[in-house]
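A structural walkthrough
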Amino acid sequence: MEFSYGTAGTPTIRNLEDAWSKLSGAAGTVLSPSGLGATALALFATTKSGDDILVTDSVYRPTRNFCSGMLSRYGVKTRYYSPGIGSRIEDLIKPETSTIFLESPGSQSFEIQDVPAIVKVARDRGIKTIIDNTWATPLFFRAHEHGVDISVEAGTKYLGGHSDILLGLASANEATWPALRATYDAMAMLPGADDCILALRGLRTMHLRVKEAEARGLAVARWLRSRPEVSRVLHPALPDFPGHEIWKRDFSGSTGLFSVILQPQYGAQDVARMLDQMRIFGLGFSWGGFESLVIPFNCKDYRTATQWEPEGAGLRFQIGLEDMEDIMADLADGLGRLARSSAPKDVATCA
Ligand SMILES: Cc1ncc(COP(=O)(O)O)c(C=O)c1O
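Let's talk about the sheet that holds strand E8 (residues 230-234)
One open sheet accounts for five strands, arranged E8-E9-E12-E11-E10; its pairing is mixed. The open sheet has two free edges, formed respectively by E8 and strand E10 (282-283), since each of these has just one partner strand. In the packing of helix H8 (residues 206-225) onto the sheet, the strands contacted are E8, strand E9 (257-262) and strand E12 (314-318), and the crossing angle to E9 comes to about 10°.

Printed below as a string of structure tokens:
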């Protein structure tokens, strides 16, 4: 009997698992009620008490909290590495290292990792690799073809696509699939049928939406690069971005999420004045949906293996599906407010 008890799966869940495995080129996929949940499943599947794991310093912050918090309580030690480490990760390997966790591009800061170089080091030593592939999706980065053992996706973002579900997917290659499935079966933390149906519906248009996100993201990123208020644009598909050559080698596209570093003269109050009056862009953490969003960010507070010392304030943009002219006008007005708010004030003079 294929379906005996709900926690072991339902036809709806199986549909989505199978579709994602096909799309990702994976041996199998498990689902979770959130992207962070899928990350936790992947890490529980590859670790045991006494292990050491290496996690990129550019990782999504709640993943860092899970590793340094929950995993440490179960006797798994986490060390963070520079996202640009490449094959030099070899120097960090210990006999008890069981897992290397990657995220490329990095959360908020967008560093591109040399995935093949890291995977080669891991494979030669029997170490498992996990990647958070949410930004690129399997359409733009073929994690398993690059040798990654488990690829995690927050379906909350581009798969759902409409900012109305939370969902996670973790897909594994043949060698890692039994451990991932056993972990999922032991926990019985599965999403509800309604969310899976919305994800299956999202799957039918995801290829169009990510291509549109790519075109819009690039158009806005290029425009922002030309603006005097902006010091740098952190977008892997821009030729002057430090990780661009690796991105071009390994990825087949980019999506609609990227960051900028503003010129140093703009402080927190200037940024607040810019953001508080945005009409199209909302303030919001999630992304991959239909609406445009922006958040101020600063990685300085939590990085441990690398220093985050940009010359100015950071803003992360998610470009949505609103009218492009409205998006650009909102940004132009916002940058205008930013520039005006820090313009030199007239100095009162005594006659
Ligand atoms: C890169 C990345 N991975 C994972 C997640 C977690 O997804 P969820 O919100 O579904 O837990 C997020 C959410 O923002 C994310 O940005």
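Once the structure has been displayed, the description carries forward.
Some details on the sheet that holds strand E2 (residues 52-56)
One open sheet holds the seven strands; their spatial order is E1-E7-E6-E5-E4-E2-E3, and the pairing between them is mixed. Both edges of this open sheet fall to strand E1 (28-32) and strand E3 (77-81), since each of them pairs with a single strand only. Within this sheet the neighbouring strands show an average axis-to-axis angle of 20°, counted without direction. By the bridge criterion, four bridges tie E2 to strand E4 (residues 97-103) in an arrangement that is parallel.

Brief notes about the site of the ligand
Neighbouring the ligand are 13 residues, the closest being Gly35, Leu36, Asp132, Thr156 and Lys157. At 2.9 Å from an oxygen atom of the ligand is found a main-chain nitrogen or oxygen belonging to leucine 36. Taken atom by atom, the bulk of the ligand overlaps the largest pocket. Of the residues belonging to the shell around the ligand, the class tally is five nonpolar, five polar and three charged.

A few points about the pairing of E2
Among the five residues that make up E2, five are buried, leaving the element largely enclosed by the rest of the structure. Along E2, one buried face is formed by Asp52, Leu54 and Thr56 and the opposite face, lined by Ile53 and Val55, is buried too. Chirality of the crossover, the property in question, places the unit of E2, helix H3 (residues 61-73) and E3 among those that are right-handed.

Observations regarding the pattern of salt bridges
Considering all chains together, one arrives at 23 salt bridges under this definition. The partner of aspartate 124 in a salt bridge is lysine 120, with the nearest N and O atoms 2.8 Å apart. Of this pair, aspartate 124 and lysine 120 both sit in helix H4 (residues 115-124), four residues apart, roughly one helical turn. Comparing aspartate 124 with lysine 120, the two get one shared label, exposed. Via salt bridges that share partners, Glu2, Arg14, Glu17, Arg181 and Asp185 belong to a single interconnected network.

Overview of the domain arrangement of the protein chain
Per the domain assignment, the segments of the protein chain are domain 1 (6-203) and domain 2 (206-341). Inter-centroid distance (C-alpha atoms) of domain 1 to domain 2 is 25 Å. Opposite the 39 residues of domain 1 that make contact, domain 2 presents 41 residues. When the two sides are added together, the surface that domain 1 and domain 2 hide from each other amounts to roughly 3,500 Å², 61% of it contributed by carbon and sulfur. Run the count over domain 1 and domain 2 and you get two salt bridges. At the junction of domain 1 and domain 2, the tally comes to 21 residue pairs in polar contact (both at pLDDT 80 or more). Only helix H1 (11-24), H3, E3, H4, helix H5 (137-140) and helix H7 (193-203) provide two or more residues apiece to the side of domain 1 that touches domain 2. Examining the composition of the side of domain 1 that touches domain 2, we find that three residues originate from one element, H5, more than from any other. Considering only residue class, the side of domain 1 that touches domain 2 consists of 18 nonpolar, 15 polar and six charged.

Reading guide: rules and limits
- Residues numbered from 1 in each chain as written.
- Predicted model: local features only at pLDDT ≥ 70, side-chain atom pairs only at ≥ 80, totals over all residues.
- Heavy atoms only, no water.
- Pairing = 2+ DSSP bridges.
- Helix = DSSP H or I, 4+ residues; strand = E, 2+ residues; numbered from the N terminus.
- Contact = heavy atoms within 4.5 Å.
- Axes fitted to C-alpha atoms, helices over the stretch in contact; angles between N-to-C directions.
- Near = heavy atom within 4 Å.
- Polar contact = N/O pair within 3.5 Å; in protein donor to acceptor, adjacent residues only side chain to side chain.
- 1 Å grid on protein atoms, 1.4 Å probe; cavity = no way out; pocket = protein on both sides within 12 Å on 5 of 7 lines; lining within 4 Å.
- Sits in = over half its atoms within 2 Å of the grid points.
- Nonpolar A, V, L, I, M, F, W, Y, C, P; charged D, E, K, R; others polar.
- Buried < 20%, exposed > 50% of the residue type's maximum accessible area, 1.4 Å probe, protein only.
- Right-handed = clockwise from strand over helix to strand, strands pointing away.
- Salt bridge = Lys/Arg side-chain N within 4 Å of Asp/Glu carboxyl O.
- Domains from an automatic or database assignment.
- Buried area = accessible area lost by both parts, 1.4 Å probe.

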